[in-house]
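# Per-entry structural report
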Amino acid sequence: MVDERYVQEIVASVVKSMAGGTEKKQKGVFTSMTEALAAVDKAYKELKNYTVEQREKMISKIREYTLNEAENLAKLGVEETGMGRVTDKIIKHQLVANKTPGTEDLKPSVYTGDRGMTVIEMAPYGVIGSITPSTNPSETVICNSMGMIAGGNGVVFNPHPNAKRTANYAVDLVNRAVLEAGGPENIVVSVENPTKESSDEMMASPIVRMLVATGGPGVVKALLSSGKKAIGAGAGNPPVIVDDTVDVEKAAKDIVAGSSFDNNLPCIAEKECFAFENIADDLIKYMTENGAYLLKGEQVEQLKKVCLVEKDGKYGINKKWVGKDAGKFLKEIGIDADPRLIICETEEMHPFVQVEMMMPILAIVRVKNIDEAIEMAVKAEHGCRHSAHIHSKNVDHLTKFARAVETTIFVKNAPSYAGIGAGGEGYTTFTIAGPTGEGLTAAHSFTRSRRCVLVDGLHIV
Ligand code: NAD
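Cut-off values and rules
Residues numbered from 1 in each chain as written. Predicted model: local features only at pLDDT ≥ 70, side-chain atom pairs only at ≥ 80, totals over all residues. Heavy atoms only, no water. Pairing = 2+ DSSP bridges. Helix = DSSP H or I, 4+ residues; strand = E, 2+ residues; numbered from the N terminus. Axes fitted to C-alpha atoms, helices over the stretch in contact; angles between N-to-C directions. Contact = heavy atoms within 4.5 Å. Buried < 20%, exposed > 50% of the residue type's maximum accessible area, 1.4 Å probe, protein only. Near = heavy atom within 4 Å. Polar contact = N/O pair within 3.5 Å; in protein donor to acceptor, adjacent residues only side chain to side chain. Nonpolar A, V, L, I, M, F, W, Y, C, P; charged D, E, K, R; others polar. Expected span 1.5 Å × (residues − 1). Phe/Tyr/Trp six-rings, centres within 6.5 Å; stacked < 30°, edge-to-face > 60°. Lys NZ or Arg CZ within 6 Å of the ring centre and 35° of its normal. Salt bridge = Lys/Arg side-chain N within 4 Å of Asp/Glu carboxyl O. Left-handed = near helix turned anticlockwise from the far one by under 90°.

For the rest of this paragraph, the subject is the sheet that holds strand 3 (residues 116-124). The strand order across the open sheet built from 3 strands is 2-3-20, with neighbouring strands paired in antiparallel fashion. Every interior strand has two partners, whereas the edge strands, strand 2 (109-113) and strand 20 (447-455), have only one. Pairs of neighbouring strands in the sheet enclose a mean axial angle of 15°, with direction left out of account. As defined by bridge partners, strand 2 adjoins strand 3 across 5 bridges and the pair is classed as antiparallel. Paired with Tyr111 across the strands is Thr118, a residue of strand 3.

Structural data, given as structure tokens:
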């Protein structure tokens, strides 16, 4: 366990160095984007002389450092952004450390035959420009760094300005780990004060050969207009359906666990629920017995005024409430309770259903049957094709929903986070590229395919 005072010291030291104080400079963090780009360009050229085995050693060290500092990172993230839960953020960092693929993800392919042998290998892009969100600031920096370095690349980050201290702490951590493993200096870099200008400079720089954006629709659109190879990991609004074939108590527990995880910040988290009307009462009862607080009638509209803003009949989020604890919302409307999640019943078009809020609030809509549930869920997902979830033992229901919603992640009978490897099979990522189609990114996503042909040789039959 790391004590509170130690974390305060880290925060104070980071702040002081940001203010131009005499504290030790963070590794890889530069005052200007121009300097950062020059440094990572040099580092990438050095990395080309390292073996894949040496790259793997760097990844192993990053895993070790992330596990050791998971608690610091989690506390820094919550303290700086005011969003999320420390205990859940620790789990997220452990997941990054343990389940982000390394160099084993790079699989060559080969053709042999009468005319010789052709190999296809996964080669680095070079320097990758990465824009990261405020919701998983250090998780995304570390996870992307691991995949990008495994692929042989250097990385320049332009982190979310509201999470720059946490993101840059992670940049420093990655560099410390890489250096200890004998790797080059500044293989990942960032800027002290990320701005729109530093982002523009990064995107336009000829040094940057590929761009990766993790965030809402604005940044994905900006990236896709850059004229460069880009991976866009955008917004979602994941629905969850519960039919009448399941153990309703288990479904209730799973949904509360997934939807309340890190106060609903994860882009994959259950954000609205469509429940068969014949099990809806039981589902709500079991949710309230497992960490949820049920709001009724006027209370729902009171809460709406707190967490949403209305303009011309359209609702958007009140940003200062993103990722806050459920108890804080309740206090604001005069209720003294501290649950993991707030639930309420609404009609389909209620903004709690339609808006991606990233708050521990889950609206439940009663549905007559699977067709109605799927129709509403697909509509609420708004074509993001990001994530969707279902609790059902009916194979036809599972299949029909998966086919209709076309999401990158589809979780059946588990909390949403099983979709990124927490309690489910498969590796993890914090950059889920729906719009550009790479899906759950890993080292292979950050490489280019190169073919090498030898004619009339090296075939042995
Ligand atoms: P955000 O869109 O506000 O910011 C994300 C990043 O993009 C930040 O670094 C921000 O500075 C930058 N940015 C925003 N607009 C930009 C523009 N026009 N040009 C250049 N840069 C720009 O997102 P956030 O609030 O930090 O994160 C939450 C959002 O991100 C949610 O919509 C969530 O679903 C999404 N998200 C998606 C994934 C995924 O893997 N698909 C992962 C995490 C978060």
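Taken in spatial order, the 7 strands make up an open sheet running 11-14-15-10-9-16-17, and their pairing is parallel. Pairing within the sheet leaves two strands with one partner each, and these edge strands are strand 11 (292-295) and strand 17 (409-412). The mean angle between the axes of side-by-side strands here comes to 25°, regardless of whether they run parallel or antiparallel. Where strand 10 (residues 272-276) meets strand 15 (residues 361-367), 5 bridges bridge the pair, whose relative direction is parallel. Looking at the pairing, Glu272 lines up with Ala363 of strand 15. Sheet contacts for helix 11 (residues 280-288): strand 9 (239-242), strand 10, strand 11, strand 14 (341-345) and strand 15; angle to strand 15, the most-contacted strand, approximately 160°. Lying over the sheet, helix 16 (residues 395-405) contacts strand 9, strand 10, strand 16 (387-391) and strand 17, oriented at roughly 165° with respect to strand 16.

Right, let's talk about the environment of Glu272 for a bit. Along the chain, Glu272 turns up in strand 10. Since its relative accessible area comes to 0%, Glu272 is described here as buried. Sequence separation between Glu272 and Ile343 is 71 residues; the distance between their C-alpha atoms is 9.6 Å. Aside from chain neighbours lying at most four places away, what touches Glu272 is Asn237, Pro238, Pro239, Val240, Val353, Leu362, Ala363 and Ala380.

Let us now look at the site of the ligand. Taken together, 29 residues are adjacent to the ligand, and Thr132, Ser134, Gly216, Glu356 and Ile432 come closest. Residue Glu356 places a side-chain N or O atom 2.5 Å away from an oxygen atom belonging to the ligand. For the ligand, a nitrogen atom lies 3.2 Å from a polar atom in the side chain of His386. The set of elements that each furnish at least two residues to the shell around the ligand consists of helix 8 (196-204) and helix 9 (217-224). Per element, the largest residue contribution to the shell around the ligand is 3 residues, and it comes from helix 9. When grouped by side-chain class, the residues that make up the shell around the ligand number 13 nonpolar, 15 polar and 1 charged.

When the terminal C-alpha atoms of helix 2 (residues 33-47) are compared, their 21 Å separation across 15 residues agrees well with the 21 Å that a helix rising 1.5 Å per residue should span. Taken residue by residue, helix 2 has Met33, Ala36, Leu37, Ala39, Val40, Asp41, Ala43, Tyr44 and Leu47 as its buried positions.

Our next topic: the packing of aromatic side chains. Within the structure shown, the criterion is met by 3 aromatic pairs. Each ring, one from Trp321 and one from Phe329, has its centre 4.7 Å from the other, and the planes form 40°; the classification is tilted. Judged by its relative accessible area of 10%, Trp321 falls in the buried class. Ring centres of Phe401 and Phe410 lie 5.3 Å apart, and the angle between their planes is 65°; this geometry places the pair in the edge-to-face category. When the ring centre of Tyr169 is taken as origin, the NZ or CZ atom of Arg176, which lies over that ring, is 5.9 Å away.

This paragraph deals with the pattern of salt bridges. For the structure shown, the criterion picks out 24 salt bridges. Note that Lys61 and Glu180 form a salt bridge whose closest N and O atoms lie 3.3 Å from each other. One end of the pair, Lys61, is in helix 3 (residues 52-68); the other, Glu180, is in helix 7 (residues 164-180), with 119 residues separating them in the sequence. Using a relative accessible area of 48% as the deciding quantity, one classes Glu180 as partly exposed. Close ionic contact of Glu249 with Lys253 constitutes a salt bridge, the shortest N to O distance being 4.0 Å. You can see Glu249 and its partner Lys253 sitting in helix 10 (residues 248-260), 4 residues apart, about one turn around the helix. Since its relative accessible area comes to 40%, Lys253 is described here as partly exposed. Salt bridges linked by common partners bring Lys89, Lys92, Glu139 and Asp262 together as one network.

Looking now at the packing of helix 6 (residues 137-150) against helix 7. Look at helix 6 against helix 7: their axes get within 8 Å of each other, and the N-to-C directions meet at 35°. Relative to helix 7, the crossing made by helix 6 is right-handed. For the pair formed by helix 6 and helix 7, the contact residues are Pro137, Ser138, Val141, Ile142, Ser145 and Ile149 on the first element and Thr166, Ala167, Ala170, Val171, Leu173, Val174 and Val178 on the second. When its residues are assigned to classes, the contact of helix 6 with helix 7 shows 10 nonpolar, 3 polar and no charged.

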